[in-house]
Amino acid sequence: MTDTRPNPDHLLARLKQAQARAQRGKLKIFFGASAGVGKTYAMLSAARSFKQQGVGVLIGVIETHGRAETEALVEGLDRLPLKEVLHRDRTLKEFDLDGALTRKPQLILVDELAHSNAPGSRHPKRWQDVEELLNAGIDVWSTMNVQHLESLNDVVTGITGIRVWETVPDRVFDETDEVVIVDLPPEELLKRLKEGKVYLPQQAERAVRNFFRKGNLIALRELALRRTADRVDDDMLQYRSTLSVAPVWQTRESLLVCIGPDERSEKLVRGAARMAAQLGVPWHCIYVETPKLQRLPDATRHRILRALKLAEDAGATTATLAGHALAKTIAKYAHDHNLSRVVLGRDTARKAQHWRPILADAVGALAVDLDLIQIALPANERGSNERGSRKPNLAEGNKDEAAMLPKRWRPYLWSAAACALVTLLMAPLHFLLDTANIVMLFLLAVVFVAVRFGRGPAVMAAFMSVGAFDFFYVAPRYAFSVSDAQYLLTFAVMLIVALVIGQLTAGLKFQARVATLREERVSALYKMSRDLSGALMAEQIAEIAGRFLRSEFESRSALMVSDLNDRVMPALPQPDLPNGIDLGIAQWAFDHAETAGYGTDTLPGSPLLYVPLKAPMRVRGIVVLEPKNPERLLGPEQRRLLDTCASLLAISLERVHYVNVAQSTTVQMESERLRHSLLAAISHDLRTPLAALVGMADTLALSRAPGDPQGEMLVSIRESALRMNAQVNNLLDMARLQSGQVHLNLQWQPLEEVVGSALRSMMGALEPRRVRVDLPDDLPLLNIDAVLFERVLCNLLENAVKYTPPGSPIAISASSSSDSVQLTVSDEGPGLPKGREATIFEMFERGNKEGATPGVGLGLAICRAIVEAHGGAIHGETRAQGGARFTIELQRGTPPSIDDIEGINDV
């Protein structure tokens, strides 16, 4: 009789989860295949209905994208003002999380769950804002597309050819309380695009040519529907588990295949895999280890592991189960996982026996709601296998099975010895003991044999005990004849009790052994996770991993982490590293995030196993194993344990990485703050004496008599003071730029005027040189700060004067494209230091550090800061014909038209 009572521990866990959910807000996601299907519209329509029912609805942030029908639904709903965030002299509007927490509405609408917040916000992602709202007990409605799911991001990229950078972890989607699928056929979505209901006409035309192709939309729609169906399936399984529903609900086609220990299991696996592929359904593959099968030879166990590995490679969910009754265990697994079809093998050579029903009949009798499918297994393989196992061919080198024969008989010899020992001990005492007590002692021997040696020896002990009791202690003694017929009943009861006790004891021993192994694994994982939580360096993580893998897998191990360029570094130092670690295999496993080496499809001939450490953000390294017994890594239970270990190691490495990043960032920020403060203080303190020095030099020059020999000295003093004053100004400008105190005065300016103003400012320094200016007549207006941009050109010209021979020419040229304008300043000097083309834009970096060229290395740093503040980019290179070339690239933008300017002037 099946015990259907719920597990008390499971009930307690469910109560705790229900209590936590009751205190947390509810998340509802309107999910679609792409933009334009109507997610925001559906969310606003549902919100208006809720408001009519008296629910307090607050709009946190809504992206209408200019759609009139969507904006109409916003009217009448309470709206939270957006928060202004200053970033690079631009004001961005973001969701006000603190304002929402202060108002604490019943329901808040937060559109575009995958949105990335502006730098400086509390959380980098909007879904993290939503989690804080949920933890505060606020219900949240949001929207997202299928391409924003982290696990499907690369799939969508492969379909559309466009990479989506804003993603949401699958955990958030799976833990959502309710998902509403908003679906629209591709033809209707394309019609909406052409009508301008999704994007503006120019944007819609470009979108149809790229992302919104009909094939892309069909594929995305299928992904969205399948992902929603998977989530509904998980909800259904959780509901069945919560209410302990036993019958299978055939809501979704699925297969369960059960394999056995013989070599025909691979045929069964391949047949089930083909069937699952044809039906397009998920499938499971299990092996049930009953007490009868727990003492199989190593060759048979390896065959089972190979079959499970084959199923796992074919896409199955594999499991090794422990149970007394094969049919009962199969039926229970099918009910627990809601698998409607069970695939079993059918022996074509075996005839059904009335006293022993075949497995399919037994499963069908236990679970009438399951569909049973039988795959015919050929008889010749079974016959050859059985003949080979019963009579091992030593000439072919089958030494393992030959060595197993003495070990197989040893428990039976001990069983016979135990019965003989009880018989001898009772010989001098049988006159003092009643026959019932003698029977009890023989039963005790059966229990001992069952506990110590298992089911088969216990059965032998039961029969030997009955025989010994009859032969030695029942009259007439030393004969199997019985004088009293009542002893026949005694023998029968004694045999039945001995058999039952032996079977129960052996079964309990088997279950205890399995439970002990699982407890040891969980305990080892807990201990490792506890040790990893306190690790602060990668070397400590490597040491902890080595201890765990050595104890659980009898393997030597090595931990290899990656550098900033995603290159796998040599193994971290630790004792007893594996031999022959191949950096090429490790790099392949890292790049592809797949296991390589022994037992895999990639370089299976390697004696080492390379397992990637996949953390939530990226792959963090490789753990290499050299097992003493490689077959231990092939079982599904062992592989799951290894995968869990790899996940814990990856998360620990990622935590250590971000701890180091946070520490280095804190130190860098503090050092930058101190340096800026020091620069500002020193610069202000130097400007006053420098100004006085220049003034006194000018006064002395005016008051000196004609022909005074000190005139050249005064001129040198004045030029040195002016040069020092320029360097101090550079220090002040750099400090202001990095502190964010400089605000751009952006106006639409012609580039010719800025270049001309810079040339006039540098006229004195450029006198002995020829400057060639080549500016096309059709250059567009640029939205720039003319004063600061003039400073950029002056610094570039001054840099050319310093590092080029006197009299060498300087060239200024410009060109434009559809979306940008390029301005180039080039010279004919020695060029830039090789390999330091990007470094020279850093603060206090100079092209020629050992030369006598004046300067402190701030000119180019100021240029980069100003150009980047304009949203542009600057880079330097050495020309092929010699000399340096600096190129500035700025976005064109759309200048105002004449009508707009006249309208502004009229106002």
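The structure displayed is predicted, hence computed values, not measured ones.

What counts, and where the lines are drawn
Residues numbered from 1 in each chain as written. Predicted model: local features only at pLDDT ≥ 70, side-chain atom pairs only at ≥ 80, totals over all residues. Heavy atoms only, no water. Core = buried A, V, L, I, M, F, W, Y, C linked by side-chain atoms within 4.5 Å. Buried < 20%, exposed > 50% of the residue type's maximum accessible area, 1.4 Å probe, protein only. Helix = DSSP H or I, 4+ residues; strand = E, 2+ residues; numbered from the N terminus. Contact = heavy atoms within 4.5 Å. Pairing = 2+ DSSP bridges. Axes fitted to C-alpha atoms, helices over the stretch in contact; angles between N-to-C directions. Patch = residues over 30% accessible without salt bridge, like charges linked within 9 Å, V, L, I, M, F, W, Y side chains within 5 Å. Areas by Shrake-Rupley, 256 points an atom, 1.4 Å probe, with all protein chains shown as cover. Salt bridge = Lys/Arg side-chain N within 4 Å of Asp/Glu carboxyl O. Lys, Arg positive; Asp, Glu negative; His and termini not counted. Charge placed at Lys NZ, Arg CZ, Asp CG, Glu CD. Phe/Tyr/Trp six-rings, centres within 6.5 Å; stacked < 30°, edge-to-face > 60°. Lys NZ or Arg CZ within 6 Å of the ring centre and 35° of its normal. Polar contact = N/O pair within 3.5 Å; in protein donor to acceptor, adjacent residues only side chain to side chain. Parallel < 35°, antiparallel > 145°, perpendicular 65-115°, else oblique. Left-handed = near helix turned anticlockwise from the far one by under 90°. Nonpolar A, V, L, I, M, F, W, Y, C, P; charged D, E, K, R; others polar. Expected span 1.5 Å × (residues − 1). pLDDT = per-residue confidence, 0-100.

### Here's the deal with the nonpolar core
And step 1. Ranked by size, the top nonpolar core spans 38 residues in total, and within it L751, F789, L796, L823, F886 and I888 carry the most contacts.
And step 2. Here this core gets 8 residues from one element, more than from any other, and that element is helix 25 (residues 786-803).
And step 3. Here F789 is in contact with L751, V754, I784, L823, I888 and L890, once residues within four sequence places are set aside.
And step 4. Formed by 32 residues, the second largest nonpolar core is a distinct cluster that contains L80, I108, L149 and L152.

### Side note on the sheet that holds strand 1 (residues 27-32)
Within a sheet, adjacent strands bond to each other through the backbone by hydrogen bonds, running parallel or antiparallel.
And step 1. Spatial ordering of the open sheet is given by 3-2-6-7-1-8, a layout of 6 strands whose pairing is parallel. Here the strands that pair on one side only, and so sit at the sheet edges, are strand 3 (78-79) and strand 8 (178-182).
And step 2. Alignment of strand 1 against strand 8, held across 5 bridges, turns out to be parallel. Counted as the bridge partner of I29 is V179 from strand 8.
And step 3. Relative to strand 7 (residues 139-145), helix 2 (residues 39-52) is tilted by about 160°, and along the sheet it contacts strand 1, strand 2 (57-61), strand 6 (107-110), strand 7 and strand 8.
And step 4. Lying over the sheet, helix 5 (residues 126-135) contacts strand 1, strand 2, strand 6 and strand 7, oriented at roughly 175° with respect to strand 6.

### Brief notes about the sheet that holds strand 24 (residues 884-891)
And step 1. Strand order in the open sheet made by the 5 strands is 19-21-22-24-23, with mixed pairing throughout. Only two strands of the sheet have a single neighbouring strand rather than two, namely strand 19 (771-774) and strand 23 (873-878). Across this sheet, the average inter-strand angle for adjacent strands is 15°, counted without regard to direction.
And step 2. When strand 22 (residues 820-827) meets strand 24, the two strands line up antiparallel, connected through 7 bridges. Counterpart to T824 in the pairing with strand 24 is T887.

### Notes on a negative patch on the surface
And step 1. A cluster of acidic residues, E752, E753, D777 and D778, forms a negative patch on the protein surface.
And step 2. Along the chain, E753 falls in helix 24 (residues 751-761).

### Comments concerning unusual backbone geometry
And step 1. One non-glycine residue with positive phi stands out, namely E554, at about 50°.
And step 2. For E554, the position within the fold is in the loop between helix 20 (538-553) and strand 14 (555-561).
And step 3. Classification of E554 by relative accessible area gives partly exposed; the value is 39%.
And step 4. The backbone phi angle of D566 is positive, close to 60°, even though this residue is not glycine.
And step 5. Looking at where D566 falls in the secondary structure, it is placed in the loop between strand 14 and helix 21 (583-592).

### Structural notes on a nonpolar patch on the surface
And step 1. Nonpolar side chains collect at one region of the surface, where L693, M696, M713 and I717 lie side by side and expose about 370 Å² of accessible area between them.
And step 2. For the nonpolar patch, the secondary-structure elements that each account for two or more residues are helix 22 (636-703) and helix 23 (711-739).
And step 3. Turning to its location among the elements, I717 is positioned in helix 23.
And step 4. You can call I717 partly exposed: its relative accessible area is 34%.

### Structural notes on the packing of aromatic side chains
And step 1. Inspection of the entire model under this criterion finds 4 aromatic pairs.
And step 2. Ring centres 5.8 Å apart and planes at 65° place the aromatic pair F30 and W141 in the edge-to-face group. Pair noted here: F30 is in strand 1 and W141 is in strand 7, with a separation of 111 residues, a long-range link.
And step 3. Of the residues examined, W141 reaches a relative accessible area of 5% and is grouped as buried.
And step 4. Three or more aromatic residues link up through ring pairs in this structure, and these residues are F30, F50 and W141.
And step 5. Positioned above the aromatic ring of W141, the side-chain terminus of K28 is 4.5 Å from the ring centre.

### What about the side chain of S465?
And step 1. Inspection of the secondary structure puts S465 in helix 18 (residues 455-473).
And step 2. Among the residues examined, S465 registers a relative accessible area of 1% and is labelled buried.
And step 3. Polar contacts involving the side chain of S465 include one to the main-chain carbonyl oxygen of A461, which spans 2.7 Å.
And step 4. Excluding residues that lie within four positions of it along the chain, S465 makes contacts with C419, F442, V446 and M494.

### Some remarks on the environment of L134
And step 1. When you line up the elements, L134 lands in helix 5.
And step 2. Judged by its relative accessible area of 2%, L134 falls in the buried class.
And step 3. The spacing of L134 and R24 is 110 residues in sequence and 5.6 Å in space, taken between C-alpha atoms.
And step 4. The contacts of L134, once residues within four sequence positions are left out, are R24, G25, K26, L27 and V140.

### Quick notes on helix 13 (residues 326-336)
And step 1. All of the buried residues in helix 13 are A327, T329, I330, A331, Y333, A334 and H335.
And step 2. Among the residues trailing helix 13, N338 stands out with phi positive, at a value near 55°.

### Points about the pairing of strand 1
And step 1. With 6 of 6 residues buried, strand 1 is to be regarded as a mostly interior element.
And step 2. Pairing analysis gives 6 bridges linking strand 1 to strand 7, with the strands arranged parallel. From the neighbouring strand, K28 faces strand 7, where its bridge partner is W141.

### Digging into the packing of helix 13 against helix 14 (residues 359-366)
And step 1. One way to put it is that helix 13 packs onto helix 14 with a least axis distance of 9 Å and a crossing angle of 50°. Taken together, the axis directions place helix 13 and helix 14 in an arrangement best described as oblique. Between helix 13 and helix 14 lies a crossing whose hand is right-handed. Touching L326, A327, K328, I330 and A331 of helix 13 are L359, A362, V363 and L366, all from helix 14.
And step 2. Of the residues in the contact of helix 13 with helix 14, the class split is 8 nonpolar, no polar and 1 charged.

### Considerations on helix 11 (residues 265-279)
And step 1. The end-to-end C-alpha distance of helix 11, which contains 15 residues, comes to 21 Å, matching closely the 21 Å that a straight helix rising 1.5 Å per residue would cover.
And step 2. Those residues of helix 11 lying buried are S265, L268, V269, G271, A272, A273, M275 and A276.
And step 3. One or two positions beyond helix 11, positive phi appears at G280, with a value near 65°.

### Thoughts on the environment of V493
And step 1. Within the fold, V493 resides in helix 19 (residues 486-533).
And step 2. Overall, the relative accessible area of 43% leaves V493 in the partly exposed class.
And step 3. Spatially, the C-alpha atoms of V493 and V466 are 9.8 Å apart, while their sequence positions differ by 27 residues.

### Digging into the confidence of the model for the chain
And step 1. For the chain, the mean per-residue pLDDT works out to 78, and 80% of the residues sit at or above 70.
And step 2. Element-level pLDDT for the chain is lowest in helix 15 (residues 379-390), with a mean of 42, against a maximum mean of 93 in strand 6.
And step 3. Low pLDDT, under 50, characterises residues 380-405; the predicted model gives this stretch 17 contacts beyond four residues in sequence or across chains.
And step 4. Scored below 50 in pLDDT, residues 900-907 makes 1 contact in the model with residues more than four places away or belonging to other chains.

### Notes on the pattern of salt bridges
And step 1. A full pass over the atoms with the stated rule returns 21 salt bridges.
And step 2. Salt-bridge contacts for D531 lead to R530; the nearest nitrogen and oxygen are separated by 3.9 Å.
And step 3. Connected through salt bridges with shared partners, the residues R530, D531, E543 and R547 form a single ionic network.

### Concerning the packing of helix 25 against helix 26 (residues 859-869)
And step 1. In the contact formed by helix 25 and helix 26, the axes pass within 9 Å of each other and the chain directions differ by 150°. Relative to helix 26, the element helix 25 lies roughly antiparallel. Crossing geometry of helix 25 relative to helix 26 is assigned as left-handed. Contacts from L788, R791, V792, N795, L796 and N799 of helix 25 reach helix 26 at G859, L860, I862, C863, I866 and V867.
And step 2. Here the residues of the contact of helix 25 with helix 26 are counted per class, giving 8 nonpolar, 3 polar and 1 charged.

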